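# What the coordinates show
One-letter residues, chain by chain:
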Amino acid sequence: MSTPIAFRALSVPAYRHVFIGSGLSNVGTWMHRVAVDWLVYQQTGSLAWVGLVSFAQFAPLALLGPLGGVLADRFDRVRLLAAAQAFMMLVALGLTAAEIAGVAGPGVLLAASLGLGLGFAVAAPSWQATIPRLVAPEMLTSAIALNSTKMSLARIAGPAAGGLLLAQVGAAGVFAVNALSYVAVLTALWALARLVEAAPSRGGREGVHRQLTEGVRYAAHDPVIRWLLIGVLAVSFVATPLIALLPAYAHDVLGGDASTLGLLTAALGAGALVGSLLLAQLGDRVATPALVGGSIVALAGLTAAVGVAPGLALTAAAVLGTGLCRLGTVAASNTRLQARADDRYRGRVMGLFMLGFGAAYPVGALLVGTLADLWGVQAVTLGMGALTGSVGLTVWRRLAAHAPAPAAEP
């Protein structure tokens, strides 16, 4: 029996090793994220502080994400990944020790989040740019969709396990599990280095600044790449900060505890999981404007629904829907960008993608958290939905003016 199209990439040993190792690490990361958010909110009672810690973890992408893309185009990407993962493991171990010693206050949590963000800023463009090198071109959609599925599963398992573990053994136990999870991805990268020939240096005599400028110029010149990046940037700034509001929905709106937060975060991951599976089945058969633009518009309506949904069940259902539609924007944009970008510029294009995907979120989270403290979490959520709808319609129209027609049915 032949392997389903959506899962073909797993037949490639190099991809399979990294898929499993990074998947275990992703679970640890989401467990860590729940513990940090809950600790900060319990210690400060402030959504602005929750937003600030999220800002610290993702803000390094604003400064180093594009630089990470340049490094991915200059040096061996597997070695860069290994170095970044080892650094993040040390940060997680340090936070574990601080929590055991009773000194992991908001400032320490902020510093640890910044350290993890620095490692992520270096690793993310290299990982994204490595995927096309691991599989054949006809498996690229499968590989990227599976990567999204892996991350979605981690968002389900990680927060749920993190909430339960947090209640049983405390934050130090959660941080320790996250530190151990990096061993899995480092082992996978060691196996990958044996299976894939090291890439030669591609830096030449060009300076980093010149390479970065050339990458930005390349992305701006291609209208499809340009508007896909703008769409991801806008969604990350306007809609994705809903994640930073979930502690307030769990504690203040729904009257719950850490397990309630874990449930809402898991619902977000469940929606992304469904979205990634749909993307794997759709492949390239749906035109980019309808897939990406339509996802943003639907995301707008579901974000607004979170703000007015009564009770845990309906709130979780609306959050699940936002996860599905956000995946439709981010993963579909990722697939189109990977297939369209020239390999000479792929690291830099993915650095810009990670800038839009990750760096806009902390700025938006900081702003949304501050406004929610002033105006209330539900009112701010409704405003986020309205702005996202406007963004979606604009991106849809622009992509429709430039995007190619969808592939024919097989």
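Residues numbered from 1 in each chain as written. Predicted model: local features only at pLDDT ≥ 70, side-chain atom pairs only at ≥ 80, totals over all residues. Heavy atoms only, no water.

### Some thoughts on the overall build of the chain
Tallying secondary structure elements over the chain gives 15 helices and zero strands in all. For the chain, buried positions account for 56% of its 410 residues. The long-range share in the chain, meaning contacts at least 24 apart out of those at least 6 apart in sequence, stands at 85%. In the form shown here, the chain has an accessible surface area of approximately 16,200 Å², with 68% of it arising from carbon and sulfur atoms. (Helix = DSSP H or I, 4+ residues; strand = E, 2+ residues; numbered from the N terminus. Buried < 20%, exposed > 50% of the residue type's maximum accessible area, 1.4 Å probe, protein only. Contact = heavy atoms within 4.5 Å. Areas by Shrake-Rupley, 256 points an atom, 1.4 Å probe, with all protein chains shown as cover.)

### Concerning helix α10 (residues 242-253)
For α10, which comprises twelve residues, the first-to-last C-alpha distance of 14 Å sits more than 12% below the rise-based estimate of 16 Å (1.5 Å per residue). Most of α10 sits inside the fold, with nine of its twelve residues counted as buried. Here α10 has its buried residues at Leu242, Ile243, Ala244, Leu245, Leu246, Pro247, Ala248, Tyr249 and Ala250. Following α10 by one or two positions, Gly255 adopts a phi angle in the positive range, close to 65°. (Expected span 1.5 Å × (residues − 1).)

### Examining helix α13 (residues 311-340)
Compared with an ideal rise of 1.5 Å per residue, which puts 30 residues at 44 Å, α13 spans 44 Å between its outermost C-alpha atoms and is within 8% of the ideal. Of all the 30 residues making up α13, 21 are buried; the element is thus mostly covered by neighbouring parts of the structure.

### Re the side chain of Ser25
Following the sequence through the fold, Ser25 ends up in helix α1 (residues 13-44). Apart from the residues within four sequence positions on either side, Ser25 is in contact with Gln85, Asn178, Ser181, Tyr182 and Val185.

### Overview of the packing of α1 against helix α5 (residues 106-134)
Contact geometry for α1 and α5: axes closest at 12 Å, N-to-C directions at 155°. On the basis of the axis angle, α1 is roughly antiparallel to α5. For the crossing formed where α1 meets α5, the hand is left-handed. Together, Ala14, Tyr15, Val18, His32, Arg33, Val36, Leu39, Val40, Gln43 and Thr44 of α1 and Pro106, Leu109, Ser113, Leu116, Trp127 and Leu134 of α5 make up the contact between the two elements. (Axes fitted to C-alpha atoms, helices over the stretch in contact; angles between N-to-C directions. Parallel < 35°, antiparallel > 145°, perpendicular 65-115°, else oblique. Left-handed = near helix turned anticlockwise from the far one by under 90°.)

### Considerations on the confidence of the model for the chain
On average, the chain scores 80 in pLDDT, and the residues at 70 or more come to 90%. Across the chain, the element-wise mean pLDDT spans from 75 in helix α3 (residues 60-74) up to 89 in helix α4 (residues 77-100). Per-residue pLDDT stays below 50 along residues 405-410; that stretch engages in eight contacts with residues further than four places along the chain or on separate chains. (pLDDT = per-residue confidence, 0-100.)

### Some thoughts on the nonpolar core
Residues Leu109, Leu166, Phe175, Tyr182, Leu245 and Tyr249 are the most contacted members of the largest nonpolar core, which totals 52 residues. Residues contacting Leu109, with those up to four places away along its chain left out, are Val36, Leu39, Val40, Gln43, Val53, Leu95, Ala104 and Phe175. Of all hydrophobic cores here, the second largest spans 32 residues; its members include Val224, Val292, Leu327 and Met350. (Core = buried A, V, L, I, M, F, W, Y, C linked by side-chain atoms within 4.5 Å.)

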